[in-house]
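Next come the chains, spelled out residue by residue.
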Amino acid sequence: MQLRHSGTRDGGTDESAGRRATEIGCEARPLAAALTAATCALLGPGAPSVVAAQELAPLDVDTALLYYGEADGRVQDLSFNATLRKELKEESFLSLKLAVDTLTGASPNGAVPSTRVQTFTRPSGKDRYSVAPGEHPLDDTFHDSRTALDASWQQPLGRLALLDVGLGFSTEYDYEHAGVNARIARDFNKRNTTLSAGIAYGRDNVDPVGGSPIGLAPMLEVGNASNKLGGRSKDVTDFLLGVTQVIDRHTLVQLNYSLSRSDGYLSDPYKVLSVVDPTTAEPVAGPAGSGLNLYLYEKRPDAREKQSVYALVKRDVGGDVLDVSFRYMTDDWGIDSETVELRYRFNLRADKYLQPHVRFYSQSAADFYHTLLFAGRPVPDFASADYRLGEFDAVTMGIKLGMKTRRGEMSTRLELYRQSGTPEPGTAVGVLAGLDLNPDLRAVIAQFTYRFGR
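Quick summary incoming for the structure in this document. As the structure is a computational prediction, the values presented were derived from the model and not from experiment. (Residues numbered from 1 in each chain as written. Predicted model: local features only at pLDDT ≥ 70, side-chain atom pairs only at ≥ 80, totals over all residues. Heavy atoms only, no water.)

This next bit is on the side chain of Arg388. Summarising the element assignment, Arg388 is placed in the loop between strand S20 (373-374) and strand S21 (391-404). With relative accessibility at 9%, the residue Arg388 sits in the buried group. For Arg388, the side chain forms a polar contact with the side chain of Asp268, separated by 3.4 Å. (Helix = DSSP H or I, 4+ residues; strand = E, 2+ residues; numbered from the N terminus. Buried < 20%, exposed > 50% of the residue type's maximum accessible area, 1.4 Å probe, protein only. Polar contact = N/O pair within 3.5 Å; in protein donor to acceptor, adjacent residues only side chain to side chain.)

Rendered as structure tokens:
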């Protein structure tokens, strides 16, 4: 149960394979993940046998190496995760997790393409970079590394209840996160019904390269940091309520409700918006003497509340396992999203399985999402051109091959991801009418896992 965040880093804030969660299905929702893991265990090869008195379970080691790569030289993420789980006393387990991410590549800065060369001041404020006519503006200095450590303790409360508490810490070049979480679950109805409730709290501190920009302030020339402030912070609190029900010996269903509240600095300090002429769509001049076009740093509200409902049906079909889930999310930023996910596990033999996977995702745009801003019109209170806050559809398709080994299990997963966005209505005017304001995003996801006990 780890509370993870969306970090910020030089050159952009692209949420890597782990953090581009909502779109590609790798979301680290700690409380829901714990419930899902319990659900999977019920329809797995069989529940573990009762451990004899004084005989403790062996150390369980779970490792994963994941690669996420976007096309056209964009974000590349290589991450390694290792989890150790050991029963220290009867039915009480300690889990320790290490995660290391390395990200490189180019990240969209939020500006729209142009028929002219565009020049930008880098986030550090010490240099510039230029983008050729017709190209989507990307900052190619995007790079970062993240190290995260998490620990959790699982303790039975009597014969039918279970308590799980944890804490975590992660650090990046410009970001630090610390969090705590707790979950309690209780069985009813001859252990055919499980009710669960959890809470997680995280504190994130961000110290952007070059400072955190004043919202909707213009980009300035190299060496001028009068539009920047110091470090900022945010608090995130998550709540979850869930129920898991065994319908019959072949079918299990799960229903979760979650509520998330974020307060503090929620803007991306590396994203900007283009300001163009409302008729020609040509860039307008920036601050006098800067030599730049007019680009405004984004500004998001300082609070966000998200609610979601998640439903899962898992069924044994002649020895194979069908897994269908649906998730609906809504927030007070105006974003509504739906996710439909389907997996079917073909058990080829007692020691091998093949699992195709398809995931469909769709979301509406945030109320303050703007592809660009027009000169001469009132500047809104909040504005962002981050495509992750815009309207888009996405599909993920892939397959996983798993097999048992002498000491455990290993698997290989390969998936393709494609995202298609929709520009804000009325923005493809003038010279922009012939340019792609929201190019499709394509990515490859590959993962290798190995689990063993000793």
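Pairing between the strands of a sheet is mediated by backbone hydrogen bonds and can be parallel or antiparallel. Spatially, the 3 strands line up as an open sheet ordered S15-S14-S20, and their pairing is mixed. Among the strands making up the open sheet, the edge pair consists of strand S15 (295-297) and S20. Relative to S20, strand S14 (residues 272-276) runs parallel, the two being bridged by 2 bridges. Bridge pairing links Val276 to Phe374 in S20. (Pairing = 2+ DSSP bridges.)

All chains considered together, the criterion is met by 25 salt bridges. Across the salt bridge formed by Arg74 and Glu70, the nearest N and O atoms sit 3.2 Å from each other. Each member of the pair Arg74 and Glu70 is classed as buried. Residue Asp101 is joined to Arg146 by a salt bridge in which the shortest nitrogen-to-oxygen separation is 2.6 Å. With Asp101 in strand S3 (residues 92-108) and Arg146 in strand S6 (residues 138-157), the pair connects residues that are 45 residues apart, well separated along the chain. Taking the relative accessible area as the measure of exposure, Asp101 reaches 4% and is therefore buried. Residue Arg146 is classed as buried on the basis of its relative accessible area, which comes to 4%. Via salt bridges that share partners, Asp268, Glu298, Arg300, Asp386 and Arg388 belong to a single interconnected network. (Salt bridge = Lys/Arg side-chain N within 4 Å of Asp/Glu carboxyl O.)

Note that every value here comes from positions in space, so none of it alone points to a role or purpose.
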